[in-house]
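# A structural walkthrough
For reference, the chains in residue letters:
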Amino acid sequence: MTTVLNVLMKHLKKWNVTHIFGIPGRPVVPLITEMVKHDITFVLARHETGAGYAAGGFALQKKTLGVAFATAGPGGTNMITSAGQAMAHNVPVLFLTGQISAGKIGKSYSQDSSSFGTDLVKMFEPVTKYSARADRGDSFENHFRHAIERAFTGVKGPVHLSMPLDVLQEKITPFDIDLPQAPQTIAANIEEAFNLIKEAKNPVFFLGKGIRSSDSYEEIFEIASRLSIPVITTGGGKGTFPTNHPLSLGVYGLGGTEEADQFLQSGIDVMIVAGSSLNDMALAGFRPDFYPEKIIHFDLDPTFVGKTIPRPTLFVPGDLKENFKKILYLTLEFEVTDLWNESDDSSLGHSWGQSWGWGNPGHAGNPRHRELDHGGGFSGSHFPGQHDSNPINPELENVSPENIPTILKRLKETYGDLFIAAEQIGATNEDMSSFQKIFEELETISKHVAATREDWAGVPDPMAQQQDGKPDPMAQQWAEASMSQPYISSVSAVHEIRRDLPEFSKVFADVGSHAYYAVKHFDVYQPNTFFFDDRFIAMGNGIGYAIGAKIAEGSHNHNQPIACITGDGCMLMHGTEIATAVEHRAPILFFVFNNSGLDMVETGMKHWQNCPGHVVYNNPIDFVYFAKALGCEGFRCLNEEDIANAIQRGLQSKVPTIIEIMVDPDEIPPTLKRDE
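These remarks concern the structure in this document. Small disclaimer: the values here were computed from a predicted structure and weren't measured. (Residues numbered from 1 in each chain as written. Predicted model: local features only at pLDDT ≥ 70, side-chain atom pairs only at ≥ 80, totals over all residues. Heavy atoms only, no water.)

Scanning the chain from terminus to terminus reveals 26 helices and 20 strands. Scored against the burial criterion, the 676 residues of the chain give a buried share of 59%. Taking as baseline every contact in the chain between residues at least 6 positions apart, the subset at least 24 positions apart corresponds to 75%. Accessible area for the chain stands at about 27,500 Å²; split by element, carbon and sulfur atoms hold 50% of it. (Helix = DSSP H or I, 4+ residues; strand = E, 2+ residues; numbered from the N terminus. Buried < 20%, exposed > 50% of the residue type's maximum accessible area, 1.4 Å probe, protein only. Contact = heavy atoms within 4.5 Å. Areas by Shrake-Rupley, 256 points an atom, 1.4 Å probe, with all protein chains shown as cover.)

See the structure below:
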């Protein structure tokens, strides 16, 4: 025999749950003592909602179950919002709430969470896939099995168990269960869907966050590239396709791009929707003249299929990854193999597909191919595997078919993903002038990166002081010059953040105007590196998710920066959670867009109700002092140079860094496409 607590912790340990987030109270204190016995780290959050957010970020990063707990009554109610957010993010999180001993239910007790008090089981039902109370030890196994199965089956999501104090310590017979494996189902109508795609004259992909949840990046990239199908994403689906790829049209809906708008007006015959419920945020501004002739809708959940856009819709149920694997297989069968070799347009190749070994993406010879120019190409940021040493300089006149493999190897070692374009040219085009052109571009970019680093090194630090304690005159002069420009455009700020963050950084966009500026203007080059929710949209969730993701890394992967783009409104709700990151030495970069108010709401009130000024902070917060109070680094930025310098400092820090960016409160955010 063993205890319910022991069985619970053994399973969590087995499933690689290394950290559990929460705030204790008497009914859940035994959880902490049992964690210690099983070498699971307890993370003391600053608010129960923040604990739930962090558990969600942990689950996303670790690709396992996230766990958060709170005491009975208000502790549990505080976690309900984070359960709703986990549901929107499609992440499996187990929410545990305490309860007075089962034998006392029905008597008058404070913080009773049964039907005689605050019924947490009922409260969690709308925001979880399963919510129950284990009233006896011998019922725990069944409830636990049901909860874990629901969390990992179909569309993943959160579950809730209410655990009375005496039940946690009750003796039971040991049992063992594994995390469920999703059934690899392929839709019966998959060939019908493929035929519609194959025969389409002007199709478009419309991707939601389900691509991320199903890890279907590769399949989508290959299908789109091989069939030359332009790609639009929802705000929540941003990052499921590289934004600098020539086929990328960016985001549609709130924060959407002009390119997506224009293309949707070009007469779409087949819209291929994948992993999106097509909510109002994703379809903001979607007019009848945008309607496609037909829709193919890939999704696990049929609830909203065919209910938003009044057009004939073919629903393709089942696992997205398996269905798209089948579509890719059918594509390869259909594909004319000479198309790639006949094409001299190597720009469609991109490291997203190539680095995963899926062959040569981009068949520009496809008759359906249209010229798309959206600023694709190379970027001067860091890449995984790129060294800080000086760039290699092979003699261009020595380039020949015989020594290309050696040069490509050296390019790969030095430039990381940048070498891919040269590899494509060298592998598919024997024209040495083309190879030299690509190499020269690589050299130019390398010099630009080196120059940028030198520029960073020369920027005086406004915080710097001489040894005698007096401010550095250069730093004072720099700070005074900065003060002459009190604001920076949010658009410019987002572009600067993108320039200065390594490409493989993981970014969580929070809720508000700042997030939609990022949705529209922040380029994403690597899969699984941008996260944003456009469904539940709880302010401050990005802060907690970034913290949970960084803590999930442990000490083995601190080379991947994690950042959060948030705003002053979100910080005032959940910014104190950064103290949790300080305590656990999680060096996250928090970009705080400060416009002294709830800008997205303020803009809407101005535009729709002609009622401005009601959601502006008359006493704005100084987030540099806020950062110091929490024990982390803090910088205020008034221009691009300030941002670049602050990011450089933050990337070197061992604690979180708050980078306050003073943005123009009168700038109009890209959030006005929704109906009034």
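After that view of the structure, there is still more to cover.
As summarised here, the arrangement of the 6 strands in space is S16-S15-S17-S18-S20-S19, forming an open sheet in which the pairing is parallel. The two strands at the open ends of the sheet, each matched to only one other strand, are strand S16 (530–531) and strand S19 (633–637). Pairing analysis gives 4 bridges linking strand S15 (residues 506–509) to strand S17 (residues 562–567), with the strands arranged parallel. The residue of S17 that forms the bridge with Val507 is Ala563. Strands in contact with helix H21 (residues 541–553) are S15, S17 and strand S18 (589–594); relative to S17, the strand with the most contacts, it is inclined by about 170 degrees. Contacting S18, S19 and strand S20 (657–662), helix H26 (residues 640–652) runs over the sheet at an angle of about 170 degrees to S19. (Pairing = 2+ DSSP bridges. Axes fitted to C-alpha atoms, helices over the stretch in contact; angles between N-to-C directions.)

Counted according to the given criterion, the structure contains 20 aromatic pairs. Between the aromatic rings of Tyr252 and Phe290, the centroid separation amounts to 6.1 Å while the plane-to-plane angle is 70 degrees, which identifies the pairing as edge-to-face. In this pair, Tyr252 is assigned in the loop between strand S11 (248–251) and helix H11 (258–264) and Phe290 in the loop between strand S12 (270–274) and strand S13 (294–298), connecting sequence segments 38 residues apart. Exposure class is identical for Tyr252 and Phe290. Each is buried. Cluster of aromatic residues (ring-pair linked, three or more members): Phe206, Tyr252, Phe286, Phe290 and Tyr291. One residue, Lys238, lies across the ring of Phe530, its end atom 5.7 Å from the ring centre. (Phe/Tyr/Trp six-rings, centres within 6.5 Å; stacked < 30°, edge-to-face > 60°. Lys NZ or Arg CZ within 6 Å of the ring centre and 35° of its normal.)

Once that is clear, we can look at the pairing of strand S2 (residues 19–23). Most of S2 sits out of view: 5 of its 5 residues are buried. Both faces of S2 are covered, namely the face carrying His19, Phe21 and Ile23 and the face carrying Ile20 and Gly22. The sheet contact formed by S2 and strand S3 (residues 41–44) spans 4 bridges and is parallel. By the bridge assignment, Gly22 is partnered in S3 with Leu44. Once the chain exits S2 it traverses helix H2 (residues 29–37) before rejoining the sheet at S3, and the crossover so formed is right-handed. For S2 and strand S4 (residues 66–70), the ladder comprises 3 bridges, and the chain directions are parallel. Of the residues in S4, the one forming a bridge with Gly22 is Phe69. (Right-handed = clockwise from strand over helix to strand, strands pointing away.)

Let's shift gears to the environment of Ile562. Inspection of the secondary structure puts Ile562 in strand S17. We classify Ile562 as buried; its relative accessible area is 0%. Along the sequence, Ile562 and Phe590 sit 28 residues apart, while their C-alpha atoms lie 8.9 Å from each other.

Scanning all chains against the criterion turns up 18 salt bridges. Residues Lys520 and Glu258 are paired through a salt bridge, measuring 2.9 Å at the closest nitrogen-oxygen approach. Of this pair, Lys520 sits in helix H20 (residues 513–521) while Glu258 sits in helix H11, placing them 262 residues apart in sequence. Look at Glu258 and you get partly exposed, because its relative accessible area is 45%. Each member of the salt-bridge network shares a partner with another, and the members are Lys14, Asp176 and Asp178. (Salt bridge = Lys/Arg side-chain N within 4 Å of Asp/Glu carboxyl O.)

Each full turn of the α-helix corresponds to 3.6 residues, which orients residues three or four apart in the same direction. Within the sequence span of helix H8 (residues 190–199), burial applies to Ile190, Ala193, Phe194, Leu196 and Ile197. Taken end-on, H8 shows its buried residues confined to a sector of 160 degrees, consistent with a single buried face. Buried positions along H8 lie against helix H10 (217–227), S12, S13, strand S14 (313–316) and helix H12 (320–334). (Arc of directions from axis to C-beta.)

Strand order in the open sheet formed by 6 strands is S3-S2-S4-S5-S7-S6, with parallel pairing between adjacent strands. Each having just a single partner strand, S3 and strand S6 (131–133) make up the two edges of the open sheet. Strand-to-strand, the axes of this sheet are offset by a mean angle of 25 degrees, without reference to chain direction.

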